[in-house]
Amino acid sequence: MIRRATVLFLAALLPLLAGAGQAQAAGYRYWSFWERDGSAWTYATVGPSLSRPADGDVQGFRFSVSEDSGDAAKPRGAAGFDTICAKTPAKDGTKRVALVIDFGTPGDAPSGEKPPAGRTACAQVAEDATTAEALASVATPLRYDSNALLCAIAGYPAKGCGEQVATDGKDSSPTETAGTAETAGSAEDDGGSGPSVGLIAGAAVVVVLGAAAVWQVRRRA
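So, how was this worked out
Here the residue index of a chain counts from 1 through its sequence in written order. Given that this is a predicted model, residues contribute local features only at a pLDDT of at least 70 and side-chain atom pairs are listed and counted only at 80 or more, while totals for whole chains, interfaces and linings are drawn from all residues. The basis for every side-chain value is the complete set of non-hydrogen atoms in the structure, without hydrogens or water. To qualify as a helix, a DSSP run of H or I must reach at least 4 residues; to qualify as a strand, a run of E must reach at least 2; elements of each kind are numbered from the N terminus. Residue burial is assigned from relative accessible area. The probe radius is 1.4 Å, only protein chains are included, and a residue is buried under 20% of its type maximum, exposed over 50%, and partly exposed in between. Only the protein chains shown count as cover for residues, and the accessible areas themselves come from Shrake-Rupley with a 1.4 Å probe. For this analysis, a ring pair means two rings from Phe, Tyr or Trp (six-membered ring only for Trp) whose centres lie within 6.5 Å, classed as stacked if their planes differ by under 30 degrees, edge-to-face if by over 60, and tilted for the remaining angles. Throughout, nonpolar core names a set of buried Ala, Val, Leu, Ile, Met, Phe, Trp, Tyr and Cys residues whose side chains join them through atoms within 4.5 Å. The contact criterion used is simple: two residues touch if any of their non-hydrogen atoms lie within 4.5 Å. For this text, the term disulfide refers to a pair of cysteine sulfurs within 2.5 Å. Think of it this way: DSSP has to see at least two bridges between two strands before they count as a pair. Patch construction takes residues with relative accessible area above 30% that form no salt bridge. Like charges are linked within 9 Å, and nonpolar side chains (Val, Leu, Ile, Met, Phe, Trp, Tyr) are linked within 5 Å. Every case where a carboxyl oxygen of Asp or Glu lies within 4 Å of a side-chain nitrogen of Lys or Arg is listed as a salt bridge. Note on charges: Lys and Arg go in the positive column, Asp and Glu in the negative column, and His and the chain ends are not counted at all. Taken as the charge centre is NZ of Lys, CZ of Arg, CG of Asp or CD of Glu, depending on the residue.

Caption draft 1: Structural view of the overall build of the protein. Counting secondary structure elements, the protein contains 5 helices and 9 strands. In the protein, the order of α-helices and β-strands from amino to carboxyl end is α-β-β-β-α-β-β-α-β-β-β-β-α-α. For the protein, buried positions account for 38% of its 221 residues. Of the roughly 12200 Å² of accessible surface on the protein, a fraction of 56% belongs to carbon and sulfur atoms.

Take a look at the structure:
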């Protein structure tokens, strides 16, 4: 009898736990920063304001919705440095950085906005310039938030900055933002470390159902 009560209890518990996990799935809408080694894109380990590329480097930016750096979308396009900077001759005291700017897909765009066509640019800047400075020389206006998070490139998007969105692309918590890709991931983890209201409510229902199951078993015995 007790085993049967346990089975009934677990049967009530599993759907609720599955639903709670689905309800918490979310990502962030932001500009990710990439470095290219040959033909492969690698997620940058520092932000564009700290990165100091060398002459001949290729770097990229991609606007998309992702949970963290592990599933972030890479910039599209196969153009390399020789192609992007073909019309920009070398000059003493400067370096050339090839930039690939991918504004993403309509599905990743904020409500009411349309992503511009992707572009490439050859930034010729001072030898000690950062990637942020190289980007500012070819893709203004840029927009940053108070935490120095890159919010917009060439004015896109017009508003918003690293906001949390549901997996279907709709805003789920516009007030929460991701400081960097790494911060975005940890912010999501931190947000999921405590029990949500839905999970607490679900647990309460499970307790009631479990108690009811045990009561029925004892009643029949």
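Caption draft 2: Summary view of the packing of aromatic side chains. Counted according to the given criterion, the structure contains 6 aromatic pairs. For the pair Phe33 and Phe61, a centre-to-centre distance of 5.0 Å together with 20° between the ring planes defines the contact as stacked. Residue Phe33 is found in strand β1 (residues 26-37), and its partner Phe61 is found in strand β3 (residues 58-66); the two are separated by 28 residues along the sequence. Comparing Phe33 with Phe61 shows no difference in burial state: the two are buried. Geometrically, the ring pair formed by Trp34 and Tyr43 is edge-to-face, given 5.0 Å between the ring centres and 75° between the ring planes.

Caption draft 3: Just the nonpolar core, in detail. With 19 residues, the main nonpolar core has Trp31, Phe61, Leu99, Ile101, Leu135 and Ile153 as its most contacted residues. When contributions to this core are tallied by element, the ones reaching two or more residues are β1, β3, β4 (94-102), β5 (119-126) and α3 (131-136). The dominant element in this core, judged by the number of residues it contributes, is β4, at 3 residues. Ignoring anything within four residues of it in the chain, the contact list for Trp31 reads Phe61, Arg62, Phe63, Ile101, Asp102, Phe103, Leu150, Cys151, Ala152, Ile153, Tyr156 and Pro157. Counting residues in hydrophobic clusters, the runner-up holds 13 residues, among them Tyr28, Phe81, Ile84 and Cys122.

Caption draft 4: A look at the state of the cysteines. Applying the stated criterion across every chain, the model contains 2 disulfides. The disulfide that involves Cys85 links it to Cys122, with 2.1 Å between the sulfurs. Here the disulfide of Cys85 and Cys122 is right-handed, its torsion about the S-S bond being about 105°. Here Cys85 is found in the loop between α2 (81-84) and β4, whereas its partner Cys122 is found in strand β5, with 37 residues between them in sequence. For the residue pair Cys85 and Cys122, the accessibility class agrees, reading buried in each case. Across a sulfur-sulfur distance of 1.9 Å, Cys151 and Cys161 are joined as a disulfide pair.

Caption draft 5: Expanded view of the pairing of strand β2 (residues 40-43). Because side chains alternate across β2, one face comprises the buried residues Trp41 and Tyr43, and the other comprises Ala40 and Thr42, none of which is buried. From the end of β1 to the start of β2, which pair antiparallel, there are 2 residues, and Gly38 there has a positive phi angle of about 70°.

Caption draft 6: Fine view of a negative patch on the surface. A surface patch of like charges, here negative, comprises Asp92, Glu127, Asp128 and Glu133. Mapped onto the elements of the fold, Asp92 is located in the loop between α2 and β4.

Caption draft 7: Molecular detail of the pattern of salt bridges. Considering all chains together, one arrives at 4 salt bridges under this definition. Where Arg96 meets Asp55, a salt bridge forms, and the shortest distance between an N and an O atom there is 3.7 Å. With Arg96 in strand β4 and Asp55 in the loop between β2 and β3, the pair connects residues that are 41 residues apart, well separated along the chain. Accessibility expressed as a relative area gives 41% for Asp55, which makes it partly exposed. The partner of Arg62 in a salt bridge is Asp102, and the shortest N-O contact between them spans 3.6 Å.

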